[in-house]
Number of protein chains: 4
Amino acid sequence: MININSFGVIGGDRRQAALAESIAKDGYSVYAWGFDHLPLEESVQQATLEEISEKCMVIILPLPVTADGRTLNAPYAEEEIVLDDSFAALMRHREVYGGQVAKLFSTSEYWNAMDVNDYFTREDFTVRNAAATAEGAVEIAMREYDRTICGSRCLVAGFGRIGKALAWMLRGLGASVTVSARKPADLAWIDVYGYTPVKSDEICLREKYDIIFNTVPAMVFSDKTLNRLDPSTLLIDLASMPGGVDFDAARERGIRTVHALSLPGKTAPRAAGEIIKNTIYTMMEE
Amino acid sequence: MININSFGVIGGDRRQAALAESIAKDGYSVYAWGFDHLPLEESVQQATLEEISEKCMVIILPLPVTADGRTLNAPYAEEEIVLDDSFAALMRHREVYGGQVAKLFSTSEYWNAMDVNDYFTREDFTVRNAAATAEGAVEIAMREYDRTICGSRCLVAGFGRIGKALAWMLRGLGASVTVSARKPADLAWIDVYGYTPVKSDEICLREKYDIIFNTVPAMVFSDKTLNRLDPSTLLIDLASMPGGVDFDAARERGIRTVHALSLPGKTAPRAAGEIIKNTIYTMMEE
Amino acid sequence: MININSFGVIGGDRRQAALAESIAKDGYSVYAWGFDHLPLEESVQQATLEEISEKCMVIILPLPVTADGRTLNAPYAEEEIVLDDSFAALMRHREVYGGQVAKLFSTSEYWNAMDVNDYFTREDFTVRNAAATAEGAVEIAMREYDRTICGSRCLVAGFGRIGKALAWMLRGLGASVTVSARKPADLAWIDVYGYTPVKSDEICLREKYDIIFNTVPAMVFSDKTLNRLDPSTLLIDLASMPGGVDFDAARERGIRTVHALSLPGKTAPRAAGEIIKNTIYTMMEE
Amino acid sequence: MININSFGVIGGDRRQAALAESIAKDGYSVYAWGFDHLPLEESVQQATLEEISEKCMVIILPLPVTADGRTLNAPYAEEEIVLDDSFAALMRHREVYGGQVAKLFSTSEYWNAMDVNDYFTREDFTVRNAAATAEGAVEIAMREYDRTICGSRCLVAGFGRIGKALAWMLRGLGASVTVSARKPADLAWIDVYGYTPVKSDEICLREKYDIIFNTVPAMVFSDKTLNRLDPSTLLIDLASMPGGVDFDAARERGIRTVHALSLPGKTAPRAAGEIIKNTIYTMMEE
């Protein structure tokens, strides 16, 4: 018996747990697997993979679905699940959602014939996730900085999604905000929105900053650029591994750095889970 | 003798005049043709086309270069200039800039071998122009609306460049801002920036607005949509001809409409001229 | 017969007319006198003073009640009304509201025993009026300035109510905003809100501005201060007569000035009328 | 020998330490006492009270100068200093600054004849301190709330200095902000600045909030008011002891509360120290 209104939630971190609880709060039945070491609200029913397969029309896999390409990403599970034909078989004829699902396809041929949807590639997901990441970056800055953001001089390197949201929030808190970008059109927007624009290859040449946020996934803060910084600068790197900062060189110069990974899952797990949920809802409606 | 530091400015409206004056203010020699009926600052030297050809390495044509495809766009000139081989010949071996230059190429074969640069297709130009247009729209709203923007309920239809800048300014003035869009990613940004998002096909279904700004170049405010509006709504259409409003239907319903064309040239000619100037400077540097 | 739900609206300008219409829109009966030369919506019934006295429990006099201390301020009336005992007698036993009512008391002894309420001295009225005035100033700046507020350098002289609202709106439009004040506490707030603070006695010493707004009712822009301005500065004076600018000296130096009087009645009469209405409603509830 | 450019910094917490370091960074000689258990930058010279008395023209006492009215507030000192005639004698003929100095006067008659200046009563100090406190409250909210401030519904109870700065910052982060106040003028400002106003005696009657910040030093969140809240609300109390929340009743209802004391010293000690420093500088100039 498959219950149309039932969601199966499998594996993942706190975001995935929050997602399960949030769907339950919306009035749906939710069956979850993989949270042996994380307490869930009672509205979510813990279940085996087989039960989930039997009861749920919609199944939500974690973000990322797998880290190593071999096992399911399920840090709070007692048991390790190998991604193979038998796992794939359980998902057959279901509507499957997941984040960064590409690696799944090499684990079983079954996946090719299945309805697998990746919310991580959706632009609306990415925008909301970027906004939550930006706020996480502000939280880290507030925690690490012993002055106030209000009145501080901030540099945001990069004007992609995270940079856009971050610059907006910092200005909203009363910081003096400079944003770097390469494209003339981005520099024009930066100017229009009331920030100070600076070309990417000219950052830190003249101006000093109290806090620098890097959002560019490239070695922007190399030894050479770090050399121009005041040692009292706080440098927060939001670029995923390996990051955009020469951390060794920064340490040598006494520049405090934070490599802020796993945002927004770490700073706002419930928001992160709800963003995933809302994206899946939108995809289901389309 | 060609003077490297001389600019020739030919034809165009108040924006072009402002452009000429602004370049002169930067310390360059500027020779202008086509402003017989518009007083220019003394720093700009009036000249014939032949003199300009002789003295100037860089020549700036108007925006648009031509309206009819046959003659130069020069509303303040005494004389009409036909775009033909002899006009093109005067521009040879010069760096030529202009706005919407496409039609030029059918007026003389010479153009194909020349260095003609269109700033109108540049994204940085478009962004700054959109911001100035948005501010022009705010000015019109202030003039036409007999209450205050602060505290009013505004709808911005469309989240392209103008919509983005306009929503930002309206919120900055204290309006309650709703923005419509079709793409989920745009709706996500609208939400993040603190506006109320509404799907394009659901506008005005429930909410009432004091002022509506249309930025979408399509018939958004058809008879059917107008039917949902309160007759006291002020409707400002920023879409170029034919616009996005059924103006006859609006009139019948007693809805006040403004078709705001020629922004920002009309509301801020000097800003418009300087935007062109800065774009050309950037293009020259590249 | 006195109708509890009837309002009498007497004299005044467009604000007062808008006030009458707005009260009628709220579902009350409204009787108005003094609008012979201004078309009113049909919901407002034109009446004689005697009819108003007979039918209305609440009577609203104009702002100011009188300009010359002798006659009622009623620019749209056919007839002149002298403020004397017989006028006062008509208002007896009514709840009377008006703006700047002080001069009334010297026109008839009857007023001393009557229930006369001045909304003009109410702080909530003053705040909302200041906000509408600030927006009117922005409208004037947009109209007079041939560049854009966005990106311009603005100085707001004075951090009283109008200065506070004006600085907030200008920043919201993307201007770079400097505010002058004398009190250290005001300078602290200016800084916190993200504006550049400058001490009143140091204005224009170093910085140049594109637009200056004076809100201080004192000769701030004397010949000496004007001497420091760039002649291209636009100077908008919001201080009531005689204003805070040496207009003759400004003219000699080629500085463009606007003495913006009668705001917000001129730029947003309906908002101004509704502000009065809401203040009176609040006073009636208290 | 008294050195005009020497500052003596005595006792206090991290703020006072930051103050000492910041004055030293400005190029002055700084002698400090009371930081045996807190490492100071080398630019600050540790000294005895006698040395400070001998060398420094300006002496800065802690905030508050004393907690118990008997001993100096010096949590990082090895030794306890009793406030008596001999302590006062050391400060004679010096310019003495301190925070909340009133209790000092009952410890020795000498103080009456001395030049003691309280920065804590200065409005400019209070404004800047309030802004830093508001940012500290945002930091706490970010840390404790597992969604994002952006998009959340926040209530700020009270529109004093902290309420003003806090509402401004929350809106700047993209929250939907409601502010409660009693005075009609405050409600008018709240409206003008784009927040939703609510009368103090009507809070939480209809609307639900995700995060509530109390800034009012009175029992605003009594059992009765708490009864109206959703149990998932996060309630942050910024009022000093005993606070404005019935914490027991909140606990019973499962409402999470944070009593945020000692802001901004706790979240931004360096900012707090610099605010004190700048206030003292301003006082010295006057």
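Small disclaimer: the values here were computed from a predicted structure and weren't measured.

1. Quick look at the overall build of chain A
When its secondary structure is counted, chain A shows nine helices and twelve strands. Expressed as lengths along the three principal axes of its C-alpha atoms, the size of chain A is roughly 65 × 35 × 35 Å. Here chain A holds 286 residues, and the buried ones make up 57% of them.

2. Structural notes on the interface of chain B and chain D
Where the parts come together, the accessible area they lose is often given as the size of the interface. If you look at the interface, chain B gives seven residues, while chain D gives seven residues. Taken together, the residues that form the side of chain B that touches chain D break down as three nonpolar, three polar and one charged.

3. Focus: the relation of the copies chain B and chain D
For the pair chain B and chain D, the best superposition has an RMSD of 0.0 Å and corresponds to a rotation of 180° with a translation of 0.0 Å parallel to the axis. Here the two chains are linked by the operation of a two-fold rotation axis.

4. Some points on the nonpolar core
By size, the foremost hydrophobic cluster in this structure holds 412 residues, and its most contacted members are A:A137, B:A137, C:A137 and D:A137. Among all residues touching A:A137, those that are not within four sequence positions of it are A:L166, A:F213, A:I236, A:L238, A:A260 and A:L263.

5. Section: the interface of chain D and chain A
Of the residues lining the interface, 18 residues belong to chain D; the matching set on chain A comes to 18 residues. Elements with a contribution of two residues or more to the side of chain D that touches chain A: α4 (123–144), α5 (161–172) and α9 (269–285) of chain D. Broken down by element, the residue count for the side of chain D that touches chain A peaks at six residues, all from α4(D). Residue classes in the side of chain D that touches chain A are distributed as ten nonpolar, two polar and six charged.

6. Observations concerning α9(D)
Residues and elements named next belong to chain D. Taking 1.5 Å per residue as the helical rise, α9 with its 17 residues ought to reach 24 Å, and the 25 Å between its terminal C-alpha atoms agrees with that figure. Within the sequence span of α9, burial applies to P269, A271, A272, G273, E274, I275, I276, K277, T279 and I280. Taken together, the buried residues of α9 touch α1 (14–25), β4 (56–60), β5 (95–98) and α4.

7. Digging into the sheet that holds strand β10 (residues 211–214) of chain B
Residue and element names in this part refer to chain B. The strand order β9-β8-β7-β10-β11-β12 describes an open sheet built from six strands, whose pairing is parallel. The open sheet terminates on both sides in strands that have one partner only, identified here as β9 (196–199) and β12 (256–259). Here the strands of the sheet are splayed against their neighbours by 20° on average, with no regard to which way each runs. As paired elements, strand β7 (residues 153–157) and strand β8 (residues 176–181) share five bridges and run parallel to each other. Its bridge partner lying in β8, C154 is registered against V177. Here helix α4 (residues 123–144) sits on the sheet and contacts β10, β11 (234–237) and β12; the angle it forms with β11, its principal contact strand, is near 150°.

8. As for the domain arrangement of chain A
Each assigned domain of chain A is listed with its residue range as follows: domain 1 (3–121) and domain 2 (130–259). For domain 1 of chain A and domain 2 of chain A, the distance between their C-alpha centres works out to 36 Å.

9. Details of unusual backbone geometry
Between A:L263 and A:P264 the backbone carries a cis peptide bond, its omega angle lying at 0°. Along the chain, A:P264 falls in the loop between β12 (256–259) and α9 (269–285). Omega for the bond connecting D:M241 with D:P242 falls within 30 degrees of zero, at 5°, which places this linkage in the cis form. Phi is positive for A:H93, close to 65°, though the residue is something other than glycine. The exposure class of A:H93 is exposed, given the 12 C-beta atoms found within 10 Å. The backbone of C:S262 sits at a positive phi, close to 60°, despite the residue not being glycine.

10. What to know about the pairing of β12(B)
Residues and elements named next belong to chain B. Sheet topology note: the β11/β12 ladder contains four bridges and is parallel. Of the residues in β12, the one forming a bridge with L235 is T257. One crossover worth recording links β11 to the parallel β12 by way of helix α8 (residues 247–253), and it is right-handed.

11. Side note on the packing of helix α1 (residues 14–25) of chain A against α9(A)
All names here are of chain A. Between α1 and α9, the shortest axis-to-axis distance is 7 Å and the interhelical angle comes to 60°. As for how α1 packs across α9, the hand of that crossing is right-handed. In this structure, α1 uses R14, R15, Q16, A18, L19, S22 and I23 to contact α9, whose residues at the interface are P269, R270, A272, G273, E274, I276 and K277. Of the residues in the contact of α1 with α9, the class split is six nonpolar, three polar and five charged.

12. A closer look at the environment of D:P231
All names here are of chain D. Here P231 lies in the loop between α7 (223–226) and β11 (234–237). Under the C-beta neighbour-count criterion, P231 is labelled exposed, with 10 such atoms within 10 Å. Taking the C-alpha atoms as reference, P231 lies 9.9 Å from E252; in sequence the two are 21 residues apart. When neighbours within four sequence positions are excluded, P231 is seen to be in contact with R253, G254 and I255.

13. Here we look at the environment of C:K103
All names here are of chain C. When you line up the elements, K103 lands in the loop between β5 (95–98) and β6 (115–118). Considered as a pair, K103 and R70 are 33 residues apart in the sequence and their alpha carbons are 8.7 Å apart. Look past the residues within four positions of K103 in its chain and what remains in contact with it is V65, T66 and G69.

14. Regarding the packing of helix α4 (residues 123–144) of chain C against helix α6 (residues 184–192) of chain D
Packed helices, taken two at a time, are described by their axes: the angle between them and the distance between them. Relative orientation of the contacting elements α4(C) and α6(D) amounts to 20°, with a least axis distance of 7 Å. With respect to each other, α4(C) and α6(D) are oriented roughly parallel. The interaxial crossing formed by α4(C) with α6(D) has right-handed handedness. Along its contact with α4(C), which presents C:E123, C:D124, C:V127, C:R128 and C:A131, the element α6(D) presents D:P184, D:A185, D:L187, D:A188, D:W189 and D:V192. The residue inventory of the contact of α4(C) with α6(D), partitioned by class, reads eight nonpolar, no polar and three charged.

Calculation rules
- Residues numbered from 1 in each chain as written.
- Chains lettered and ligands numbered in written order.
- Predicted model: local features only at pLDDT ≥ 70, side-chain atom pairs only at ≥ 80, totals over all residues.
- Helix = DSSP H or I, 4+ residues; strand = E, 2+ residues; numbered from the N terminus.
- Buried ≥ 20, exposed ≤ 12 C-beta atoms within 10 Å, placed from the backbone.
- Contact = placed C-beta atoms within 7 Å.
- Nonpolar A, V, L, I, M, F, W, Y, C, P; charged D, E, K, R; others polar.
- Least-squares fit on C-alpha atoms with pLDDT ≥ 70 in both.
- Core = buried A, V, L, I, M, F, W, Y, C linked by C-beta atoms within 7 Å.
- Expected span 1.5 Å × (residues − 1).
- Pairing = 2+ DSSP bridges.
- Axes fitted to C-alpha atoms, helices over the stretch in contact; angles between N-to-C directions.
- Domains from an automatic or database assignment.
- Right-handed = clockwise from strand over helix to strand, strands pointing away.
- Left-handed = near helix turned anticlockwise from the far one by under 90°.
- Parallel < 35°, antiparallel > 145°, perpendicular 65-115°, else oblique.

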